[in-house]
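Here's the letter readout for the chains.
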Amino acid sequence: MNQKYCGTCGTELISKALENEGMIPYCTKCEQFRFPMYNVAVSMIVINKSNGKILLIKQYGRPFYILVAGYVNRGEQIEAAVLRELKEETGMEALRVKFNRTSFYEPSNTLMCNFTVFVKDDSKLNPNDEIDAYEWFTPEEAQTNILQNSLASRFLNAYLSE
Ligand SMILES: [Zn+2]
């Protein structure tokens, strides 16, 4: 279990059997099960429909290319988070969004949900200041330039091998 204490009252959680669910963290004070919590984020393969190129970005002073990504807000629809993050980070609007796959990313306790986002062209691209650098790559170049052995590269390779 990834949380030791009740998020509501701070009591140390115990492990208690719940029918059909197995052993689940339980708060004896609140008398409630406390299912493990995790973050949800979206990452997106942004494709320029006019030429088939893929947008990769560099962020937070890091030297490598990754996919556009961001956290889903509490209460927000995941598909709405894709459109919001795309607009916030790149200024662009999606023509079409396609769900690809998800993968749990242990280091940040995050369920990453990957999508392909098609944009009309690059005329609206206006990166915000969270983006240090960006480049449009052909699919082959994108596979070479994206941070290798990362979750982003696994998402990209899986999508391109479909
Ligand atoms: Zn409690």
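Residues numbered from 1 in each chain as written. Predicted model: local features only at pLDDT ≥ 70, side-chain atom pairs only at ≥ 80, totals over all residues. Heavy atoms only, no water.

*Asks:* How should I be thinking about the nonpolar core in this particular structure?
*Replies:* A general tendency of soluble globular proteins is for nonpolar side chains to be buried together. Core analysis: the largest hydrophobic core is formed by 19 residues, its most contacted members being V42, M44, V46, L55, M92, V119 and W136. Going through the elements one at a time, β4 (39–48), β5 (54–59), α1 (78–90), β8 (110–119) and β9 (131–137) are the ones with two or more residues in this core. Residue contributions to this core peak at 4 residues, all from β8. (Core = buried A, V, L, I, M, F, W, Y, C linked by side-chain atoms within 4.5 Å. Buried < 20%, exposed > 50% of the residue type's maximum accessible area, 1.4 Å probe, protein only. Helix = DSSP H or I, 4+ residues; strand = E, 2+ residues; numbered from the N terminus.)

*Asks:* Would you mind going over the domain arrangement of the chain with me for this structure?
*Replies:* Reports of interface size often rely on the accessible area that becomes lost once the parts have come together. By domain assignment, the chain separates into domain 1 (1–37) and domain 2 (39–160). For domain 1 versus domain 2, the distance between C-alpha centres works out to 35 Å. (Domains from an automatic or database assignment.)

*Asks:* Would you mind going over helix α3 (residues 151–160) with me for this structure?
*Replies:* Along an α-helix, a turn takes 3.6 residues, which lines up residues three or four apart on a common side. Along α3, the residues that are buried comprise L151, A152, S153, F155, L156 and Y159. The elements touched by buried residues of α3 are β4, β5, β7 (96–105), β8 and α2 (139–145). (Contact = heavy atoms within 4.5 Å.)

*Asks:* Quick question: what am I supposed to make of the coordination of the zinc ion here?
*Replies:* Ideal geometry at a metal gives 109.5 degrees between four tetrahedral donors and either 90 or 180 degrees between six octahedral ones. Binding of the zinc ion to the protein goes through C6 (SG), C9 (SG), C27 (SG) and C30 (SG), at separations of 2.3 to 2.4 Å. Look at where the donors of the zinc ion fall in the sequence and you get C-x2-C-x17-C-x2-C. Looking at C27, the relative accessible area reads 0%, which means it is buried. (Donors = N, O, S within 2.8 Å, 3.2 Å for Na, K, Ca; no water.)

*Asks:* Is there a simple way to think about the layout of surface pockets in this case?
*Replies:* Regions of empty space are outlined by a rolling probe, equal in size to a water molecule, passed over the atoms. One number sums up the size of the largest pocket: a volume of about 570 Å³. For the lining of the largest pocket, the secondary structure elements donating two or more residues are β4, β6 (68–71), α1, β8 and α3. Looking at the lining of the largest pocket residue by residue, the classes come out as 13 nonpolar, 6 polar and 4 charged. The calculated volume of the second largest pocket comes to roughly 180 Å³. Lining of the second largest pocket is provided by K87, G91, M92, E93, A94, L95, V119, K120, D121, S123 and K124. Grouping the constituent residues of the lining of the second largest pocket by class yields 4 nonpolar, 2 polar and 5 charged. (1 Å grid on protein atoms, 1.4 Å probe; cavity = no way out; pocket = protein on both sides within 12 Å on 5 of 7 lines; lining within 4 Å. Points joined across faces, edges and corners; volume = space filled by probe spheres on them. Nonpolar A, V, L, I, M, F, W, Y, C, P; charged D, E, K, R; others polar.)

*Asks:* What's the story with the pattern of salt bridges in this structure? I'm lost.
*Replies:* A pair can form between side chains of opposite charge whenever their charged atoms are brought close. One pass over the structure, following the stated rule, counts 8 salt bridges. A salt bridge links E85 to R84; its shortest N-O distance comes to 3.1 Å. The same class applies to E85 as to R84, namely buried. Of the charged contacts in the structure, one is a salt bridge between R84 and E88, with a shortest N-O distance of 3.3 Å. Of the two residues, R84 and E88 both sit in helix α1, 4 residues apart, roughly one turn of that helix. Three or more residues joined by partner-sharing salt bridges are found here, namely E76, R84, E85 and E88. (Salt bridge = Lys/Arg side-chain N within 4 Å of Asp/Glu carboxyl O.)

*Asks:* Teacher, can you tell me more about the pairing of β7 here?
*Replies:* Put simply, side chains in a regular strand alternate between the two faces of the sheet. As defined by bridge partners, β7 adjoins β8 across 9 bridges and the pair is classed as antiparallel. Among the inter-strand pairings, R96 is bridged to a residue of β8, identified as F118. Hairpin geometry of β7 and β8 is characterised by an intervening segment of 4 residues between the two adjacent antiparallel strands and by a positive phi of about 55° at N109. (Pairing = 2+ DSSP bridges.)

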